Amino acid sequence: MRLVIKVGTSTLAHSSGKLNIRRVEELCKVISDLKNAGHEIVLVSSGAIGMGMGKLNLSARPSDMPTKQAAAAVGQCELMYTYDKLFSEYNHTVAQILITGDDIENDERRFHFINTMERLIELGALPVINENDTVATSEIAVGDNDTLAAIVAVNVGAQLLILLTDIDGLYSADPKKDSAAELIPVVEKIDDAIRSHSGGTGSSLGTGGMATKIHAAEICMQRGVDMIIANGSSPSILYDLMDGNGRCTYFKGVKA
Ligand code: GLU
């Protein structure tokens, strides 16, 4: 199976912005194993700004553009250094791809992106994608990695996108505030009722939240790609998800 896995900053880093070593080690181990089992995997990883924040000892996520871009420049190095080191332990080679919304909207650049992705997958490398935050100003940015991951999934012809986050999936209400909130296991269609469950933003480190995940689901489903939202706190959940089990919300792509 060809699949795209997206990990959010809340999965990769502690609230201090420093790397969650135990979790990232487990994530790299499980992804390596799934690759060994024959799956073609593309990783969309957030964490550049969050990790830059940690490295530069900033106490809060920067809100102004130059500091965000500076933090991303520092954090992206740290991120790729970490992936390179951990995936190497399992004999997997990582490749860094940084794109912006502009690269996808422009047909020629999108064509080159797809060609490079195909070749990397053919060569057995693991593409690790992030928004090119150091140059992505609001006019040209995709803006959040849930949407970016959905765009990547439909462009590389993935069958499945898995969004790993800090919650088990889409709930009928905010589970932090409402004890009667229930996990919605399957979504076949995005309608106003589903959108109304999408609530506000996520953690203080990342960009997304449920709204961007529902938007990602819309992009995927329209193009026949299935999407899962699951909790990345224990990355071995990826094994269960690949077996069709595991606690999650499953968004079914529309099949022609
Ligand atoms: N590209 C951002 C980063 O690496 C993350 C965007 C997001 O959290 O959706 O920090």
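Preceding this section is the structure that the text describes.
Residues numbered from 1 in each chain as written. Predicted model: local features only at pLDDT ≥ 70, side-chain atom pairs only at ≥ 80, totals over all residues. Heavy atoms only, no water.

Draft legend 1. Summary view of the overall build of the protein. Assigned secondary structure in the protein consists of 10 helices and eight strands. Here the protein has a C-alpha radius of gyration of 17 Å; the compact-globule value for 256 residues is 18 Å, and the two agree. For the C-alpha atoms alone, the extent of the protein along its principal axes is close to 40 × 40 × 35 Å. When each of the 256 residues of the protein is scored for burial, the buried share is 51%. (Helix = DSSP H or I, 4+ residues; strand = E, 2+ residues; numbered from the N terminus. Rg over C-alpha atoms; globule rule 2.2 N^0.38 Å. Buried < 20%, exposed > 50% of the residue type's maximum accessible area, 1.4 Å probe, protein only.)

Draft legend 2. Highlighting unusual backbone geometry. Although it is not a glycine, Asn 57 sits at a positive phi angle of roughly 55 degrees. Mapped onto the elements of the fold, Asn 57 is located in the loop between helix H3 (48-55) and helix H4 (65-88). Located in the positive-phi region is Asn 91, a residue other than glycine, with phi close to 65 degrees. Among the secondary structure elements, Asn 91 is positioned in the loop between H4 and strand E3 (94-99). On the basis of relative accessible area, Asn 91 is assigned to the exposed category, the value being 71%.

Draft legend 3. Region of the structure containing the site of the ligand. Taken together, the neighbourhood of the ligand is formed by 10 residues, with Ala 48, Ile 49, Asn 130, Asp 133 and Asn 145 sitting nearest. Between Asn 130 and the ligand, the recorded distance is 2.8 Å, taken from a side-chain N or O atom to an oxygen atom. Asn 145 is positioned such that a nitrogen or oxygen atom in its backbone is 2.7 Å from an oxygen atom of the ligand. Its free accessible area being 300 Å², the ligand has 96% of it covered by the protein chains. Residue composition of the shell around the ligand, by class: two nonpolar, six polar and two charged. (Near = heavy atom within 4 Å. Polar contact = N/O pair within 3.5 Å; in protein donor to acceptor, adjacent residues only side chain to side chain. Areas by Shrake-Rupley, 256 points an atom, 1.4 Å probe, with all protein chains shown as cover. Nonpolar A, V, L, I, M, F, W, Y, C, P; charged D, E, K, R; others polar.)

Draft legend 4. Broad picture of the nonpolar core. Judged by nonpolar contacts, the single largest core of 41 residues is most densely connected at Val 4, Ile 129, Val 152, Leu 161, Met 227 and Phe 251. At the level of secondary structure, the elements contributing two or more residues to this core comprise strand E2 (40-45), E3, helix H6 (107-122), helix H7 (145-155), strand E5 (160-165), helix H9 (210-222) and strand E7 (226-231). In terms of nonpolar packing, the next biggest core, distinct from the first, is built from 30 residues, Val 7, Cys 28, Val 128 and Cys 248 among them. (Core = buried A, V, L, I, M, F, W, Y, C linked by side-chain atoms within 4.5 Å.)

Draft legend 5. Representation of the sheet that holds strand E4 (residues 126-131) in the model. If you trace the eight strands from one edge of the open sheet to the other, you get E3-E4-E2-E1-E5-E7-E8-E6, paired in mixed fashion. Edge positions in the sheet fall to E3 and strand E6 (186-187), since each of these pairs with one other strand and no more. Where strand E1 (residues 2-7) and E5 come together, five bridges link them in parallel fashion. Note on E5: the bridge partner recorded for Val 7 is Leu 164. Where helix H2 (residues 21-36) meets the sheet, it contacts E1, E2, E4 and E5, and its direction lies at approximately 155 degrees from that of E2. (Pairing = 2+ DSSP bridges. Contact = heavy atoms within 4.5 Å. Axes fitted to C-alpha atoms, helices over the stretch in contact; angles between N-to-C directions.)

Draft legend 6. A look at the pairing of strand E8 (residues 248-251). The sheet contact formed by E6 and E8 spans two bridges and is parallel. Bridge pairing in E8 places Val 187 opposite Phe 251. With four bridges joining them, E7 and E8 adopt antiparallel strand pairing. What sits directly across from Ile 228, in E8, is Tyr 250.

Draft legend 7. Representation of the pattern of salt bridges within the structure. In this structure the tally under the stated criterion is 15 salt bridges. Glu 122 is paired through a salt bridge with Arg 119; the nearest N and O atoms lie 3.2 Å apart. Taken as a pair, Glu 122 and Arg 119 lie in helix H6 at a separation of three residues, close to a single helical turn. (Salt bridge = Lys/Arg side-chain N within 4 Å of Asp/Glu carboxyl O.)

Draft legend 8. Quick peek at H2. Across its 16 residues, H2 extends 22 Å between first and last C-alpha, which sits within 8% of the 22 Å expected from 1.5 Å per residue. Regarding H2, the residues found buried are Val 24, Leu 27, Cys 28, Val 30, Ile 31, Ser 32, Leu 34 and Lys 35. Following H2 by one or two positions, Gly 38 adopts a phi angle in the positive range, close to 110 degrees. (Expected span 1.5 Å × (residues − 1).)

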